[in-house]
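# Fold and geometry: a report
Residues per chain are reported as follows:
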Amino acid sequence: MFLVESSIGSPTHSKQNKETVGSQFRNSLNALMTTLNDTTPHYIRCVKPNDSKLPFVFDIQRAVDQLRACCVLETIRISAAGFPSRWTYVDFFLRYRILLKSKKINRNDPKLTCQQIVEEHIGTKDNYKFSNTKIFFRASQVAYLERKRADIRKDCSILIQKTWLNTYAKKTYLQIQTSVLIIQQCGKAYLARRYRSADKQNNAICNYFSSSGSNY
């Protein structure tokens, strides 16, 4: 027992269990790579608004210089010259299927429907490209589709509003018409009863005077 305790507390055993700087770095790097593989990282490029670190002060030329030095402007120019907008068929189908008539929409084949939408609204074939999983658009093409989508949504909203207002106006008109007819019926019945009562009184008076005149 004494020998076991002495061997456990010996400097040789503690030196073997001690983790080196290289192994710590390797384990940390492996943990970082595991985290990156399990997530979707997004890289953010920070731009200093000014060199004085003052709040609410934005130096435009300084920001442009930083963007130019980091090749961000050149990357944007190259991207705009190619196909900067990329959409998967499912996402494009869910957002822009409103641009196609309902009888042309094939819900079992979103890719075919997306191709019909693009070919119908974008005339120049050089402005878009189809791949196996995505659609590629040149600059300003998605903005054009967004404008068309907004116009169609506006027209649909106006149509729904017109239909609702028409239904509400008809319902209100029928209620007013029914109320007017009831008022007319009640008024006519009241006048008829009043005229009938007056006729009865006149007939009674005439009969009274006629009977009284015959007695004399």
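A short tour of the structure in this document, coming up. (Residues numbered from 1 in each chain as written. Predicted model: local features only at pLDDT ≥ 70, side-chain atom pairs only at ≥ 80, totals over all residues. Heavy atoms only, no water.)

### Regarding the overall build of the protein chain
Of the regular secondary structure elements, the protein chain holds 8 helices and 3 strands. Element order for the protein chain, N to C, with α for helix and β for strand: α-α-α-α-α-β-α-α-β-β-α. The burial tally for the protein chain puts 13% of its 216 residues in the buried class. The long-range share in the protein chain, meaning contacts at least 24 apart out of those at least 6 apart in sequence, stands at 47%. Carbon together with sulfur atoms contributes 59% to the accessible area of the protein chain, which is approximately 17,900 Å² in total. (Helix = DSSP H or I, 4+ residues; strand = E, 2+ residues; numbered from the N terminus. Buried < 20%, exposed > 50% of the residue type's maximum accessible area, 1.4 Å probe, protein only. Contact = heavy atoms within 4.5 Å. Areas by Shrake-Rupley, 256 points an atom, 1.4 Å probe, with all protein chains shown as cover.)

### With respect to the packing of aromatic side chains
Each aromatic ring pair is specified by the distance between its two centres and by the angle formed by the two planes. Counted under the stated rule, the structure contains 6 aromatic pairs. Considering the side-chain rings of Phe92 and Tyr96, the 4.8 Å spacing of their centres and the 40° angle between planes classify their relative orientation as tilted. Of the two residues, Phe92 and Tyr96 both sit in helix α6 (residues 89–96), 4 residues apart, roughly one turn of that helix. Exposure class is identical for Phe92 and Tyr96. Each is buried. (Phe/Tyr/Trp six-rings, centres within 6.5 Å; stacked < 30°, edge-to-face > 60°.)

### What about the sheet that holds strand β3 (residues 134–137)?
Spatial ordering of the open sheet is given by β1-β3-β2, a layout of 3 strands whose pairing is antiparallel. A strand with exactly one partner marks an edge of an open sheet, and here the two such strands are β1 (85–88) and β2 (128–130). When the angles between neighbouring strand axes are averaged without regard to direction, this sheet yields 20°. Two strands pair when backbone bridges link them, and β1 and β3 are joined in this way by 4 bridges, in the antiparallel orientation. Bridge pairing in β3 places Trp87 opposite Ile135. Of the strands in this sheet, β2 and β3 are in contact with helix α7 (residues 110–121), which crosses β2 at around 160°. (Pairing = 2+ DSSP bridges. Axes fitted to C-alpha atoms, helices over the stretch in contact; angles between N-to-C directions.)

### Here we look at helix α4 (residues 60–69)
In this structure Asp59 caps α4, since a side-chain oxygen of it lies 3.4 Å from the backbone nitrogen of Gln61. Of the residues flanking the end of α4, it is Cys71, one or two places downstream, whose phi is positive at about 65°. (Polar contact = N/O pair within 3.5 Å; in protein donor to acceptor, adjacent residues only side chain to side chain.)

### Brief notes about α7
With 12 residues, α7 should reach 16 Å at 1.5 Å per residue; the first-to-last C-alpha distance of 17 Å fits that figure. Turning to α7, its buried residues number three or more, namely Thr113, Cys114, Ile117, Val118 and His121. Each buried residue of α7 lies within a common arc of 130° when the element is viewed along its axis, so the set occupies one face. (Expected span 1.5 Å × (residues − 1). Arc of directions from axis to C-beta.)

### Focus: the nonpolar core
Within the largest apolar cluster, 16 residues are counted, with the highest numbers of intra-cluster contacts made by Phe92, Val118, Ile135, Phe137 and Leu145. Put simply, the parts of the chain that give this core at least two residues each are α6, α7, β3 and α8 (141–215). If you tally residues by element for this core, the top one is α6, at 4 residues. Residues within four places of Val118 in sequence aside, it is in contact with Phe92, Tyr128, Phe130, Ile135 and Phe137. (Core = buried A, V, L, I, M, F, W, Y, C linked by side-chain atoms within 4.5 Å.)

### Overview of the side chain of Asn50
Along the chain, the position of Asn50 falls in the loop between α3 (21–38) and α4. One polar contact links the side chain of Asn50 to the main-chain amide nitrogen of Ser52, over a distance of 3.1 Å. For Asn50, the side chain forms a polar contact with the main-chain oxygen of Val57, separated by 2.6 Å.

### What to know about the pairing of β3
Side chains of β3 alternate between two faces, with Ile135 and Phe137 buried and Lys134 and Phe136 left unburied. Pairing analysis gives 3 bridges linking β2 to β3, with the strands arranged antiparallel. Opposite Tyr128, over in β3, you have Phe137 as the bridge partner.

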